[in-house]
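Structure assessment
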Amino acid sequence: MEHIRLPKVEHVKLLDRVSPKKSRVGTLYLTATHSIFVESEDGVRNETWVLHSLVCGVEKQASASGVSLVLHCKNFQLLQFVIPEEKDLQDILLSLQRLSQPESLEELYCFAYKPNVAAEERQREWDFVDLRSEYKRMGLPNAHWKLSPVNQNYEVSDTYPSELFVPESATPPVIAGSSKFRSRGRFPTLSYYNKDNHAAVCRSSQPLSGFSARCLEDEQMLGAVLRSNPRSDVLYVVDTRPKLNAIANRAAGKGYENEDNYSNIKFQFQGIENIHVMRNSQQKMLEVCELRTPSVSDFLLGLEGSGWLKHIKAVLDAAVFIAKAVSEEGVSVLVHCSDGWDRTSQVCSVSSVLLDPHYRTLKGFMVLIEKDWISFGHKFTHRCNHLLGDPKEVSPIIDQFLECVWQLTEQFPCAFEFNERFLITIHHHIYSCQFGNFIGNNERDRQQLEIEKRTHSLWSYLWSNRAEFINPLYRPNHSQTQGVLRPSTAPYCFNFWRGLYNRFDRGVHPRQSVEDCLRTIREETEQLEDQLSSHKQKISKLEERKWSVSVNIFDKSPTAWIFAPDLRLANTPQDYTSCVLTSSPRPAGGSPVLTPHDLNLTTSFNGSDQESGVADLSAPSPFSEESARDSDEAANSAA
Amino acid sequence: MEFSEHIKTANVEDVVLRQPLHPARKGTLCITGHHLLFSDKEDSSRQVLLLLRNIDAVEKSVENLVGYSSLFSFADHGERSGSSGTIIVKCKDLHVLQIDIPGMEQCLNIAHSIETLSNLNCVSEMYPFFYRPPNHSLDRQWGISTPEQFFRETEGLSFLWRLSAVNRDFSICPSYPPLLIVPKDIDDESLKKVSKFRQGGRFPVLCYYHRKNGMVIMRSSQPLIGANKKRCREDECLLQAVIGSSDKGYIIDTRSGQQSQQARMIGGGFEPKSCYSCWKRLHRNVEKGKTLQESFIKLVEACGDESNNMDRWLSKLENSKWLSHVQTALSTAGLVAECVERDGHSVLVHGSEGTDSTLLISTLAQLIMDPSCRSLEGFLCLLEREWVQAGHPFQQRCFHSAYSHARLQQESPVFLLMLDCVWQLWRQFPLALGFSEALLLRLATEAYASNYGTFLCNSELERCALQVKENTYCLFQALLKSVEREIYTNPLYESTDLAIWPSVHPQSLQLWRSFFLRWTPQNRHLEEAQEDIRNMIIEWGKLARR
């Protein structure tokens, strides 16, 4: 609270970026966790909530209507407030700068977020995703892979999880030796095991090979990985970095495996750029997204110039290579980059999505993030900018992972149990710090923070709201759903993800949602099916009775006669339609992606505005006016 | 028949056909006056029948192996004569097939026949005149709507408007249909004078009546004011009659201000403020003609690029400018709709000839505003009215598509651009349009090569002269009647009375993959999804009816 210099400013104007006429006047409040803008217009209670932890930039900007305060958020929302008094603006600016950049993890929102949940319930939340049962699902431990206790106290590698699977033949000395020869002690360990052909995806950090160093144990470790795949006599080593970067690392005593020193390995570079390149690329892309009325050429050239889609393609290309090696050739793969927590996590997890339909389900996808990102020590605190820290550590690596999966859902619309909303919600909460899952840089950090005792888990939240996240086109027995996904990575297969990067620019999204419509239809179909089967049951019961009655018909029981035709009457179509078809198969008042109450996020919801689709266009709604004017503006600018 | 003189080799055995999404197949190739027919050796039921008219370009490469075999006399070529050739056939619907033909001479013959037969420009010898599906007879009404019907069925229209037969013998305007809707106060004599003042005689006619407020969309060609600012009182009167009691109207000129200025130098021009004081003129540069054709060619070229390089793809996509054309068309149409629906004023749309971008804009504006043209029938009626009857020169515009090496003449994919824009609307309002993507794809194919007579010729006059209506079948009727009608309807359709305002932000516009990348495997998954949607609705419908 001590950071709030000014808790309330009146007569603040929230500018609408796309159509300035739609700007709203109200009061801005600062609380310990949120900035809240309340529109003061009569009759409408319009609130915009912005979580401090989602703010990644606050700046002053001179605009036509005076000096304004611009908030850039990590979920790609952009808010612009005009504050009448310069001094107030300055106070708000300084307060927000401090509030949005906490200095210690303890200040994060997840420790303050206290929904009314009992302690045992909270533990159940955390037990919802359990990696042991995930490895068990893969068929581990087995004759080739064993659970190793070496890192139980995070002594071998402080950034690795405590439970790791290693080749059966890897002895503790071999593991210890290998870990000393790898950056941050991150020795080769299992990420995904393909039950069907014993091929595995393993991950590590780069070897400390320098120009000529060797390590017998590391060579033995790779040998053990190779032996764990009895049907194959070769092991692929995939270095996800561009070759030049890897060579440069040799000068620092790091580097990559020399094929001559390791027996039966095939070495391969993949050319994914480093965190700095990715950060700049996303920044450039966001600048393009934020252009007010770009022409198609501005947009496409900007998108090309940012290089973003090229990087997404590079990640997917690498994942496709690995999925192919594992599924088609039956060859195990060791993946690494430099430290093995950025590109390695991306490539391992994307290839898992390609390889195993389980990871394309709601639950499986959560497990996958838990495994390849959270447990293997992707540095969320640094990469997601949770705290005031080194800006060079920030990078949208996890964004790229989510985007790769989204690109796949675009190519295979029936293969995923979850929808775009699910991915966007996960993205939102990785940055919101509302849940404990993405706090800290590794498992050890989280243990020290007692995350499970003090915070809540996103996974059980998502699960209990899963109805919102189901892809209505998904069917477990669909041909697209089964087996390995073989996406094309031709450039034209990649789309710009407007749902994420332009999430808050309502004007650019489709006005009606096929998905919502299908969801309603699907629910109704299920209902109808249920009713039909219960009716059928009743009929068959009654028919049994009728039969027994008709057998006894000569016992002249009059009731039986009355009973039977009655049932037939009840079975007429009118009756079904009147009791079931009260709602038509279209989205009922389309729910917004996330509700402010549940998620404490921003957004203004006023009545008809949030209706999806046609309702939006109802004659006097400001929205249709806006869109019409947009087209005019665009036309003007194009002319 | 004289086709035969172009066919030296009619049949070739042991031909290998390679096409996207299918394994290579061996079989017999057969060429007829209108078709290329391939039948599979193993499974004769699997045939490929290709309309020669659909072929845009033929590329042949022959390899004379005779020379090699004499050098390597031990080479065992079996029955093969020692030479072979490959023909790559590129179709107007962007399908590309490769045919390997044993025998150099045969290969050259086939290629020559395809080239000649696919380029024949005599309309009365085209396939629609020979197409005779079983169980159909020709003595029916051709087309699905007439101007009379439209006039009769548009409520409120007859109060201030009338149907004029001034063009009954096509003498006033050769590219207009015989019947046209004009203001009631303007007599045929005036119309004759107005037509002399408009390029090609295309005087302002009504194409849309907005029931909600009685405002209209008119379309015409440019006025022939020329360098010395000619005037035509009757033209001014006609437009004044359109405005009626309202205070003003809008003229949407589909050329830039500069272009319409330049048009004066060659006798054309625009309505000057001084003579048309109640009309506010707005210029929007909607590309057409050669620029649009080149854009199409570049886009198709970009889609075929195999370098697998993201930067290259995006820059080629940008460089083609196709999506910019989509944006301009949609936003201009939005502007027209805004004038009529929101601002409550009538609009006159024209460019130069009034047969291309004018029709593009008036069609899209109607789709945005008018719920009745968003159903399957309504949309086809709209196309018949605004493109076929209104005289879009299909024959010239769709003679070649994006692959042809021939020198461009009058080709321009305006109709295709319209379909693309409709597709964008369909993406943004997936429940508001009664037809499916499959319909748009079918129309895009049929406009270039068809069994039906609908897109033959450049105008109603030509259709009459060649007796198209008496001797061919109408596509629109077939689409509505056919057993596949179901695949052309949108299962999610839920009619709405509201206008559907498209977003024209670059982020909202997408490449029409299912057309431009139709023959790629990825498209299959998307088709599957569409199929699933349809099935879900059917399932639901079945249950709901019980």
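Residues numbered from 1 in each chain as written. Chains lettered and ligands numbered in written order. Predicted model: local features only at pLDDT ≥ 70, side-chain atom pairs only at ≥ 80, totals over all residues. Heavy atoms only, no water.

**Observations concerning the overall build of chain B**
As a reminder, the rule being used: A run of H or I in DSSP becomes a helix once it reaches four residues, and a run of E becomes a strand once it reaches two; helices and strands are each numbered from the N terminus. Each radius of gyration is computed over the set of C-alpha atoms, and the globule rule expresses the reference value as 2.2 Å times the number of residues to the power 0.38. Accessible area is worked out with a 1.4 Å probe on protein chains only. A residue is then buried under 20% of its type maximum, exposed over 50%, and partly exposed in between. The contact definition used throughout considers only heavy atoms, calling two residues in contact when any of these lie within 4.5 Å. A 1.4 Å probe and the Shrake-Rupley method give the accessible areas. Residues count as covered only by the protein chains that appear here. Working convention for charge: Lys and Arg count positive, Asp and Glu count negative, and His plus the chain ends are omitted. Working definition for charges: the position is that of NZ of Lys, CZ of Arg, CG of Asp or CD of Glu.
When you go through chain B residue by residue, the secondary structure sums to 19 helices and 14 strands. Taking 24 Å as the expected radius of gyration for a compact globule of 546 residues, we find that chain B reaches 26 Å, a close match to that expectation. Counting only C-alpha atoms, chain B reaches 90 × 65 × 55 Å along its principal axes. By the burial criterion, 62% of the 546 residues in chain B qualify as buried. Of the contacts made within chain B by residues no fewer than 6 positions apart, 71% connect residues no fewer than 24 positions apart. Surface exposure of chain B reaches about 21600 Å², of which carbon and sulfur atoms provide 50%. Charge-centre separation for chain B: the mean point of 60 positive side chains lies 6 Å from the mean point of 64 negative side chains.

**Structural notes on the overall build of chain A**
The helix and strand tally for chain A stands at 23 helices and 14 strands. Split into buried and exposed, the 639 residues of chain A put 58% on the buried side. In chain A, of all internal contacts separated by at least 6 residues, the share reaching a separation of at least 24 is 71%. Here chain A displays about 26000 Å² of accessible surface, and carbon together with sulfur accounts for 52% of that area.

**Description of the pattern of salt bridges**
Residue and element names in this part refer to chain A. The condition is simple: What makes a salt bridge here is a side-chain nitrogen of Lys or Arg within 4 Å of a carboxyl oxygen of Asp or Glu, nothing more.
All chains considered together, the criterion is met by 57 salt bridges over all chains. For the salt bridge of Asp372 with Lys371, the shortest nitrogen-to-oxygen distance reads 3.0 Å. For the pair Asp372 and Lys371, a shared accessibility class is recorded, and that class is buried. Counted as one network, the salt bridges with shared partners bring together Asp342, Lys379, Arg383 and Glu393.

**Things to note about the environment of Lys266 of chain A**
All names here are of chain A. Looking at the secondary structure, you find Lys266 in strand 13 (residues 265-269). Owing to a relative accessible area of 44%, Lys266 belongs among the partly exposed residues under this scheme. Considering only alpha carbons, one finds Lys266 and His11, 255 residues apart in sequence, at a separation of 66 Å. When sequence neighbours within four positions are dropped, the list of residues in contact with Lys266 reads Val234, Leu235, Tyr236, Val237 and Glu259.

**A few points about the sheet that holds strand 14 (residues 332-336) of chain A**
Each strand in a sheet pairs with another by means of backbone hydrogen bonds, the pair being arranged parallel or else antiparallel. Residue and element names in this part refer to chain A. Put simply, the test is: DSSP calls a pair of strands paired once it identifies at least 2 bridges connecting them. Here the axes come from fitting lines to C-alpha atoms, over the contacting stretch only for helices, and the angles between their N-to-C directions go from 0 to 180 degrees.
The strand order across the open sheet built from 5 strands is 10-11-14-12-13, with neighbouring strands paired in mixed fashion. Every interior strand has two partners, whereas the edge strands, strand 10 (189-193) and strand 13, have only one. Strand-to-strand twist in this sheet, taken as the mean axis angle between neighbours without regard to direction, amounts to 25°. When strand 11 (residues 200-204) meets strand 14, the two strands line up parallel, connected through 4 bridges. Directly across from Cys202, in strand 14, lies its bridge partner Leu334. Helix 10 (residues 343-355) rests against strand 10, strand 11 and strand 14 of the sheet, and its axis sits at about 170° to strand 11.

**Some thoughts on the interface of chain B and chain A**
Often, the extent of an interface is quoted as the loss of accessible area upon association of its parts. Rules: As a working definition, buried area equals the accessible area (1.4 Å probe) given up by two parts on being put together, with both sides summed. Between N or O atoms, a polar contact is any pair within 3.5 Å; within protein, one atom must be a potential hydrogen donor and the other a potential acceptor, and residues adjacent in sequence are included only when both atoms are from side chains.
Counting from both sides, the interface comprises 59 residues of chain B and, opposite them, 75 residues of chain A. In total, about 6100 Å² of surface goes out of reach between chain B and chain A, with carbon and sulfur atoms giving 64% of it. Where chain B packs against chain A, one counts 2 salt bridges. The partner of Asp311 of chain B in a salt bridge is Lys310 of chain A, and the shortest N-O contact between them spans 3.3 Å. Between the two partners, chain B and chain A, sit 16 residue pairs in polar contact (both at pLDDT 80 or more). Counting only elements with at least two residues in the side of chain B that touches chain A, the list comes to helix 8 (310-320), helix 9 (322-342), helix 13 (414-428) and helix 19 (521-545) of chain B. Of the residues forming the side of chain B that touches chain A, the biggest block, 14 residues, is contributed by helix 19 of chain B.

**Here we look at the packing of aromatic side chains**
Each aromatic ring pair is characterised by the separation of its centres together with the angle its planes make. Residues and elements named next belong to chain A. Where we set the bar: For Phe, Tyr and Trp, rings pair up if their centres lie within 6.5 Å, where Trp contributes its six-membered ring, and each pair is then called stacked (planes under 30 degrees apart), edge-to-face (over 60) or tilted (otherwise). Only Lys NZ and Arg CZ are tested; either one counts as a charge over a ring when it is within 6 Å of the ring centre and within 35 degrees of the ring normal.
The final tally for this structure, using the stated rule, is 45 aromatic pairs over all chains. With centroids separated by 5.6 Å and ring planes inclined at 55°, the aromatic side chains of Phe422 and Phe469 adopt a geometry described as tilted. Of this pair, Phe422 sits in helix 14 (residues 420-432) while Phe469 sits in the loop between helix 17 (458-464) and helix 18 (498-501); the two residues are 47 residues apart in sequence, bridging distant segments of the chain. Since its relative accessible area comes to 0%, Phe422 is described here as buried. A relative accessible area of 2% means that Phe469 is categorised as buried. Taking 5.8 Å as the distance between ring centres and 85° as the angle between the ring planes, the aromatic pair formed by Phe438 and Trp459 counts as edge-to-face. Of the two residues, Phe438 sits in the loop between helix 14 and helix 15 (443-449) while Trp459 sits in helix 17, which places them 21 residues apart along the sequence. When its relative accessible area of 0% is taken as the criterion, Phe438 is described as buried. Among the aromatic residues, those joined into a ring-pair cluster are Phe76, Phe299, Trp308, Trp406, Phe496, Trp497 and Tyr501. The residue whose ring lies beneath Arg466 is Trp463, and the NZ or CZ to ring-centre distance is 4.3 Å.

**Quick notes on the environment of Ile251 of chain B**
All names here are of chain B. With respect to the helices, strands and loops of the structure, Ile251 is situated in strand 12 (residues 249-253). Between the C-alpha atoms of Ile251 and Ile7, which are 244 residues apart in sequence, the distance is 53 Å. Leaving out residues up to four positions away in the same chain, Ile251 has contacts with Glu271, Trp279, Lys280, Arg281, Leu282, Leu348 and His350.

**Focus: the packing of helix 10 (residues 357-369) of chain B against helix 13 of chain B**
Residues and elements named next belong to chain B. Rules: Should an angle fall under 35 degrees it is taken as roughly parallel, and over 145 as roughly antiparallel, whereas 65 to 115 is taken as roughly perpendicular and any remaining angle as oblique. Definitions for this section: a left-handed crossing has its near helix turned counterclockwise from the far helix by less than a right angle. A right-handed crossing has that turn clockwise.
Two numbers describe how helix 10 lies on helix 13: the axes approach to 10 Å, and their chain directions differ by 20°. Judged on the interaxial angle alone, helix 13 and helix 10 are roughly parallel. When the axes of helix 10 and helix 13 are compared, the crossing they make is right-handed. The residues of helix 13 that touch helix 10, namely those facing Ser357, Leu360, Thr363, Leu364 and Leu367, are Val414, Leu417, Met418, Cys421, Val422 and Leu425.

**Here we look at the sheet that holds strand 5 (residues 55-63) of chain A**
All names here are of chain A. Spatially, 7 strands are ordered 4-3-2-1-7-6-5 in an open sheet, and the strand pairing comes out antiparallel. Each edge of the open sheet carries a strand with a single partner, namely strand 4 (47-51) and strand 5. With direction set aside, neighbouring strand axes in the sheet form an average angle of 30°. With 5 bridges joining them, strand 3 (residues 34-39) and strand 4 adopt antiparallel strand pairing. Following the sheet pairing, His34 is matched in strand 4 by Leu51.

**Details of the nonpolar core**
To keep it simple, the criterion reads: In this text, buried Ala, Val, Leu, Ile, Met, Phe, Trp, Tyr and Cys residues form a nonpolar core when linked through side-chain atoms within 4.5 Å.
In this structure, Phe365 and Trp459 of chain A together with Leu443 and Phe516 of chain B are the most contacted members of the largest nonpolar core, which totals 234 residues. The greatest single-element share of this core, amounting to 13 residues, is contributed by helix 9 (residues 308-329) of chain A. In contact with Phe516 of chain B, other than residues within four places in its own chain, are Leu94, Phe296, Leu299, Val300, Cys303, Trp322, Leu416, Asp420 and Leu511 of chain B. Ranked by size, the runner-up nonpolar core spans 32 residues in total, among them Phe150, Leu157, Leu191 and Val242 of chain B.

**Here's the deal with helix 13 (residues 397-411) of chain A**
The test is simple: What a helix should span is 1.5 Å times the count of its residues minus one.
Taking 1.5 Å of rise per residue, the 15 residues of helix 13 of chain A would be expected to cover 21 Å, and the 22 Å separating its terminal C-alpha atoms lies within 8% of that figure. Along helix 13 of chain A, 14 of the 15 residues are buried, which leaves the element largely enclosed by surrounding structure.

**Some thoughts on the pairing of strand 14 (residues 346-350) of chain B**
All names here are of chain B. Taken across its 5 residues, strand 14 has 5 buried, putting it largely inside the fold. On strand 14, burial covers both faces: Ser346, Leu348 and His350 on one face and Val347 and Val349 on the other are all buried. In this sheet, strand 14 lies alongside strand 11 (residues 215-219) in parallel orientation, the contact comprising 3 bridges. Bridge pairing in strand 14 links Arg219 to Val349. Direction of pairing for strand 12 relative to strand 14: parallel, over a ladder of 5 bridges.

**Some words on the confidence of the model for chain A**
Our working definition: Confidence of the predictor at the level of single residues is captured by pLDDT, which takes values from 0 to 100.
In this model, chain A carries an average pLDDT of 83, and 84% of its residues clear a pLDDT of 70 or more. Confidence drops under a pLDDT of 50 for residues 549-639 of chain A, and excluding neighbours within four residues, the segment shows 158 contacts in the predicted structure.

**Some remarks on unusual backbone geometry**
Peptide bonds are trans in most cases, and residues, glycine excluded, mostly fall at negative phi. Omega for the bond connecting Leu140 of chain A with Pro141 of chain A falls within 30 degrees of zero, at -5°, which places this linkage in the cis form. Relative to the helices and strands, Pro141 of chain A resides in the loop between helix 3 (131-138) and strand 8 (145-148). Here Lys229 of chain B, not a glycine, exhibits a phi torsion of approximately 50°, which is positive. Positive phi, normally seen in glycine, also occurs at Gln467 of chain B, with a value near 55°. In this fold, Gln467 of chain B is placed in the loop between helix 15 (460-465) and helix 16 (468-471). On the basis of relative accessible area, Gln467 of chain B is assigned to the partly exposed category, the value being 44%.

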